[in-house]
Amino acid sequence: MAKEVGEMFRCDRAEKAHASGEKTVVFMNEHDKRRNDWDLIEWQDVNGVTIKTLLCPECLETFRKIQKDQRIQTQNFMNEQNFMNERLER
């Protein structure tokens, strides 16, 4: 009987961040297609420290939504600023 070698993937977010109330823990080998659903992200905290965080598919979806919302808010802010600058130049 052959034993498959794999790695444990455990989401770095807290238990309460997950719908199930438990951390997502999965064992996958190197060829498992579910690996594509996980991502190791880098972000900076309020002190400017870079932190690496492994996110499960559930948390990654939420993270990407937050990123998208921030891009939209930033774009809206900049468009508003540009609009105000154009009005002042007239």
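A quick note: this is a predicted structure, and the numbers were derived from the prediction, not measured.

Hey, could you go over the packing of aromatic side chains for me, with residue numbers and the actual values?
Counted according to the given criterion, the structure contains 1 aromatic pair. On the numbers, 5.6 Å between centres and 70 degrees between planes, the contact of Phe 9 with Trp 38 is edge-to-face. Of the two residues, Phe 9 is situated in strand S1 (residues 7-10) and Trp 38 in the loop between strand S2 (25-28) and strand S3 (39-44); the sequence distance between them amounts to 29 residues. For Phe 9, a relative accessible area of 12% gives the class buried. What makes Trp 38 buried here is its relative accessible area of 8%.

Would you mind going over the pairing of strand S4 (residues 50-55) in detail, with residue names and values included?
In terms of strand pairing, S3 meets S4 through 6 bridges, oriented antiparallel. Bridging from a neighbouring strand, Leu 40 pairs with Leu 54 of S4. Two successive antiparallel strands, S3 and S4, enclose a turn made up of 5 residues, where Gly 48 displays a positive phi of approximately 85 degrees.

The rules we used
Numbering of residues starts from 1 in each chain and follows the order in which that chain's sequence is written. Totals for whole chains, interfaces and linings use every residue, but because this is a predicted model, local features are given only for residues with pLDDT of at least 70 and side-chain atom pairs only at 80 or more, for both listing and counting. Hydrogen atoms and water are omitted, and side-chain values are computed over all heavy atoms in the structure. Paired rings are identified among Phe, Tyr and Trp, the last through its six-membered ring, by centres lying within 6.5 Å, and are further divided according to the angle between planes into stacked (under 30 degrees), edge-to-face (over 60) and tilted (the rest). For helices the rule is a DSSP run of H or I covering at least 4 residues; for strands it is a run of E covering at least 2, with both sets numbered from the N terminus onward. Throughout, exposure labels follow a simple rule: accessible area from a 1.4 Å probe, protein chains only, divided by the maximum for the residue type, with under 20% read as buried, over 50% as exposed, and the rest as partly exposed. Pairing between strands requires that DSSP locate at least two bridges from one strand to the other.

Nothing here speaks to function; it is geometry throughout.
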